[in-house]
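Spelled out from the first residue to the last, the chains are:
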Amino acid sequence: MEFYFQIENNGSQQAGIGNWNSNSHDLQLCFGVKDFLLIAPQSASGVLLDTPESSKLLSAVAIALSNCGSLWPAFVPVHDPSRKAYIGIQNMGTVFTRRFEADRIGSQVPVKLMHLEGLYELFVSKFVYSGVDFSMHNFKVHFMMRLTYQTFPYDEEDEEIDMDELMDDKTDAAENYGSESRNKVLWDDDCPWSEWYSAEDPLRGFELVVTWADRTVESTLEMAELENASPHDAEKWILHPILSPYLGDPSHGKRIDFASQLLCLVEALDTSFAAQFMEDFVSVENPSSENLKTSVVIPPPSVLDRVIKDLFREGSKLPDFNKGEHRLSRALKAAPLESLFTQFCLHSLWFGNCNIRAIAFLWIEFVREVRWCWEETQPLPKMPIDGPIDLSTCLINQKLHLLAICIEKKREMNEEFLDCIGSDDSSDASVSMEEHRKVDKRRNASSEADLQRKRDSSIAEDTSNRLRFERKTERTNSVNQSPTDAIRRGSAGPVGTMMLLKSRQQLHAPFTQDPPLMTEDMHEERLQAVEAFGDSLNVPGQLEKDILLSDMSAFKAANPDAVFEDFIRWHSPGDWESFEPKTTEPSAGPRTEGSKDEWPPRGRLSQRMSDQGNLWRKSWNDAPALPADDQKPLLDPNREGEKIVHYLETVRPHQLLEQMVCTAFRGSADTLNQTNFGNMRQMTSKLEQLYLIIKSTLGALQRNNLPDKAKTVKDLKRLCMVFESVEKLVAVAASIHRKFLDASRLAQVIFSDFYGIYAPTMGMSTNDEENKSRTEMEVSRQEVSLRERQVVSNLFSPPSANQSWRKVLSMGNLLNGHEPILREIIFSTGDDVNNGIHYAAAADVAATSDRMGEEIETHRMYVSGTSNDLRVGLSVTSCD
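Conventions used here
- Residues numbered from 1 in each chain as written.
- Predicted model: local features only at pLDDT ≥ 70, side-chain atom pairs only at ≥ 80, totals over all residues.
- Heavy atoms only, no water.
- Axes fitted to C-alpha atoms, helices over the stretch in contact; angles between N-to-C directions.
- Helix = DSSP H or I, 4+ residues; strand = E, 2+ residues; numbered from the N terminus.
- Parallel < 35°, antiparallel > 145°, perpendicular 65-115°, else oblique.
- Contact = heavy atoms within 4.5 Å.
- Phe/Tyr/Trp six-rings, centres within 6.5 Å; stacked < 30°, edge-to-face > 60°.
- Buried < 20%, exposed > 50% of the residue type's maximum accessible area, 1.4 Å probe, protein only.
- pLDDT = per-residue confidence, 0-100.

K.L.:
Would you take a moment to explain the packing of helix α10 (residues 356-375) against helix α11 (residues 395-421) for this structure?
P.N.:
When two helices pack together, their arrangement is given by the angle between their axes and by how far apart the axes lie. Running from N to C, α10 and α11 cross one another at 25°; their axes reach a closest spacing of 9 Å. Considered as vectors, α10 and α11 are oriented roughly parallel to each other. Counted together, Trp363, Phe366, Val370, Cys373, Trp374 and Glu375 of α10 and Ile396, Leu400, Leu403, Cys406, Ile407 and Lys410 of α11 form the full contact between these two elements.

K.L.:
Would you mind going over the packing of aromatic side chains with me for this structure?
P.N.:
The description of two aromatic rings rests on the distance between their centres and on the angle between their planes. Tallying each qualifying case throughout the model produces 30 aromatic pairs. Here the aromatic rings of Phe31 and Phe75 are separated by 5.1 Å at their centres, their planes lie at 10°, and the arrangement is stacked. Within this pair, whereas Phe31 is found in helix α1 (residues 26-31), its partner Phe75 is found in strand β3 (residues 74-78), the two being separated by 44 residues in sequence. Taking relative accessible area as the criterion, Phe31 reaches 0% and is therefore assigned buried. Ring geometry for Tyr197 against Phe258: centres 5.4 Å apart, planes inclined by 85°, an arrangement best described as edge-to-face. One end of the pair, Tyr197, is in the loop between α4 (156-175) and β7 (203-217); the other, Phe258, is in helix α6 (residues 258-271), with 61 residues separating them in the sequence. Classification of Tyr197 by relative accessible area gives buried; the value is 9%. Residue Phe258 is classed as buried on the basis of its relative accessible area of 0%. Linked through ring pairs, Phe555, Phe564, Phe567, Trp570, Trp616 and Trp620 together constitute an aromatic cluster.

K.L.:
Any chance you could explain the environment of Ile396 here in plain terms?
P.N.:
Relative to the assigned elements, Ile396 resides in helix α11. Looking at Ile396, the relative accessible area reads 0%, which means it is buried. Ile396 sits 259 residues away from Gln655 along the chain, and the two C-alpha atoms are 9.8 Å apart. When residues no more than four places from it in sequence are discounted, the contact partners of Ile396 are Phe341, Trp363, Tyr647, Leu648, Leu656 and Gln659.

K.L.:
Looking at this structure, I do not really get the confidence of the model for the chain. What am I missing?
P.N.:
Interpreting fine coordinate detail is not advised for predicted regions of low pLDDT. Put simply, the chain has an average pLDDT of 78, and 73% of its residues get 70 or more. Below pLDDT 50 for its whole length, residues 10-18 participates in 25 contacts with residues either more than four positions away or in separate chains. Below a pLDDT of 50 lies the segment residues 429-485, which in the model reaches 18 contacts outside its immediate sequence neighbourhood of four places, other chains included.

K.L.:
So what exactly am I meant to see when it comes to the environment of Leu37 here?
P.N.:
By the element assignment, Leu37 lies in strand β2 (residues 36-38). Residues Leu37 and Phe3 lie 34 residues apart in sequence; the distance between their C-alpha atoms is 4.6 Å. Here Leu37 is in contact with Met1, Glu2, Phe3, Leu65, Trp72, Pro73, Ala74 and Phe75, once residues within four sequence places are set aside.

Below, the structure is given as structure tokens:
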């Protein structure tokens, strides 16, 4: 014997015919009661098959309850369990008794009872004589109806067909890259992750409950009209999203997404410490490779070729390297999403099952293709060919960037060489003649200039003293210097009012070569050399010496009469100590360095520049006067390019995998960050938290050696669990946003409800009980406003031919061709109870009625079912 009760929000325990609570017990819906007793035998069937026995048991219980002064109804299950049949009784005082009966038809429902007219006549027949013609009389009946619609489920048969088509498409794509053979449009075809995998829609469907409120009907004609009414005419719509079961169940490798593949990459990192080179994992002679053969999968050559073609396919323009970048992306030492190395890492996630052997195969082929681009001077795709090296990225990305620049410089050098080949023979024979012509031409030009200045001086006697002094100085310099030395080359223009100390000519700044580009390891080597030798001035590093010689040569070419002190004043002003003359009279105006009373400038070299054996002065003496364009480039593209390719070929497996893990996590997160999920602030905040967690977890991989490998791998696996949770959240947000583009309020409410259930753990818990509760989670039902009904209606797309032939439509109230999966109706009628009640129980009777104490519900019938089954629950109140 079990007692059931239900308490409403206001504390009331009274029954009402308008109760559509989905959490109610089956008998509470059938008979409109709240508190009741259920008496059932402890047998295998749980029902009473003997009718006299059930009647006797029910009578005994009713007498016992009456003696206790209780008004609880009591029910007993009868007949076959599949019929869900019950009989019951309720003592409502000393006057009224309420009897209950429920039964079910499991098949072959009469056609008449499939329609509202037949159900209406069935109810009326319970309180009207059987001989009455219902069509000729009107009977007022209270009517309520609730229809439940559901979008078509994803059939297993359709799933098998789709999987077969998908496998065929993958095979075709492996053979013919770029061919479009898949016709079926998946829900996430335009989502950013669809380039790598297709996710199951986290919203498997929707359940819509449409309710017609309590109304009075009087004839079968009104019932026919209601059956043909549109669901849009109903008073209330309640929407219930149906979530996919995978949302609450940890995948444990069952699903294919970024998180599952990142976990495989972490396991590959754990294995990478077993070898010195990547070739060892594919070599037959290596024992560690032999141990891997039984547990790893290597894709066929066709898949390898497709991946390499996709990686090295040249585009018309460089990709947008800021695409998908979060403001915290640069905090991760990885590579931009669209860069070559990131694309390699993302491809490796799906190459085979992302095991170390498959990664080794792909990496070896990748490096072989990079070497081909280097040797054949072909542009390196997905990499910029200019600009500074971004030291915030991983080392391999820096190396590939520098290699792309070296390839471009090598190509320019080859083009210049080819342009000069045709004129080499003739130019060799006429070099000396050409030099003589140039000297003669300069001498003639100088003589003509002198004559012209003399002619101008005789004509213009009032020329200023400064101008005559400058011309006199120019003539003097041109006489004292050889014509070749007096020519400036590679000048970028005068430097303010600075003058050369010896010739008193304006000091010109030269065009200099840009400093050579360096990667992070090159900077570290340079800093280590500085720390080892102390004073950077005396560091015998070849790079610093080459840069200094280049600047000195360019300065000499731009200032033919310059001395070492002039170079120091321009290049290192801190090493020139000036002496300001003490004057007693105030200055009459601004002075310049070249003014008569300040020449020559008073100053001297600093102590370190004046020391004997100073490397700077020695370099100045050795430096030729050559402009930057005529100098040997500071960056030797051939040497640096070979060093980079050698690094890629000999990189340690664990160093490669560490950079791959960091880059793959950032690339996956940046891909998810491109998802359009509307104005869902919870999702924006959760993505930001994900980047922070990734940054803190990957910090150990950015060191040269892992302090605790086992702990780091464990932390990375926990990070994969966090990533899985966020990835599911992103999929839910994207799916909801796409389906409710024109109903943003409804989308926000649904996602907020799901977020409150799902988000708290963020994948950090391994509690089995919590995982079980997550598996059974579901979001609450949401009421749909009138403005949002059309958006919800569009979710129920018209059935396809494959779906429509399986069902024979036999009920009305269609929604875009969808028949209700469940129809629930409550018929009721009442009678005046003001007369005939002479006992204290009248107050209880009035309290249980829904007619303001003036009318008692004498007949109530609950009808539930579809075209294939029908269940009826009838309650009758009488005075016997």
